[in-house]
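Understanding the architecture of this molecule
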Amino acid sequence: MADELRPLSLKREGDGLKIEWSDGATTTASWKTLRAKCPCATCNEERGKPVDPFRILSPQEVAAGAPVPVAMTPVGHYAYQIKWNDGHDTGIYPLTLLRELSERSA
């Protein structure tokens, strides 16, 4: 368990999340990427459907604008739940997914 990958710090930086990991790596994931890759069942189902070119955005989606988290809560020692400005809050992001969706920083 001592060698388990874990974040040492999480910081809002620009339009994304900067994470310093226990293995010495520093990564950044954009809010847009994190919101688009939400792992919840509803979002997974929506991503599996064909794109609807006539889909109309809800007033809440229009008002929200670009994806920005309003809260980020740890779930045990393995994940974070992100609440988004569009009201979506059911996605639980395991640390492995956060690492996978992040780009290594210099």
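About the cut-offs
- Residues numbered from 1 in each chain as written.
- Predicted model: local features only at pLDDT ≥ 70, side-chain atom pairs only at ≥ 80, totals over all residues.
- Heavy atoms only, no water.
- Helix = DSSP H or I, 4+ residues; strand = E, 2+ residues; numbered from the N terminus.
- Buried < 20%, exposed > 50% of the residue type's maximum accessible area, 1.4 Å probe, protein only.
- Contact = heavy atoms within 4.5 Å.
- Polar contact = N/O pair within 3.5 Å; in protein donor to acceptor, adjacent residues only side chain to side chain.
- UniProt positions renumbered as here; feature names shortened; annotations may be inferred.
- Pairing = 2+ DSSP bridges.

This part takes up the environment of Pro 94. The topology assignment puts Pro 94 in strand 6 (residues 92-94). For Pro 94, a relative accessible area of 28% puts it in the partly exposed group. Expressed as a C-alpha distance, the spacing of Pro 94 and Gly 16, which sit 78 residues apart in the sequence, is 17 Å. Residues within four places of Pro 94 in sequence aside, it is in contact with Tyr 78 and Ala 79.

For Thr 27, the location among the structural elements is in strand 3 (residues 26-30). In this structure the side chain of Thr 27 is engaged in a polar contact, spanning 3.4 Å, whose partner is the side chain of Ser 102. In contact with Thr 27, other than residues within four places in its own chain, are Leu 17, Lys 18, Ile 19, Trp 21, Arg 99, Ser 102, Glu 103, Arg 104 and Ser 105.

Turning next to the UniProt feature "domain: Gamma-butyrobetaine hydroxylase-like N-terminal" (unreviewed entry) in the chain. Feature annotation in UniProt places "domain: Gamma-butyrobetaine hydroxylase-like N-terminal" (unreviewed entry) on residues 9-99, given in this structure's numbering. Across residues 9-99, the secondary structure splits into 27% helix and 35% strand, with the terminal C-alpha atoms separated by 13 Å.

Bridging between strand 1 (residues 7-13) and strand 2 (residues 16-21) involves 6 bridges; their strand directions are antiparallel. Across the sheet, Glu 13 pairs through a bridge with Gly 16, a residue of strand 2. Hairpin connection from strand 1 to strand 2: 2 residues lie between these consecutive antiparallel strands, with Gly 14 at a positive phi of about 60°.

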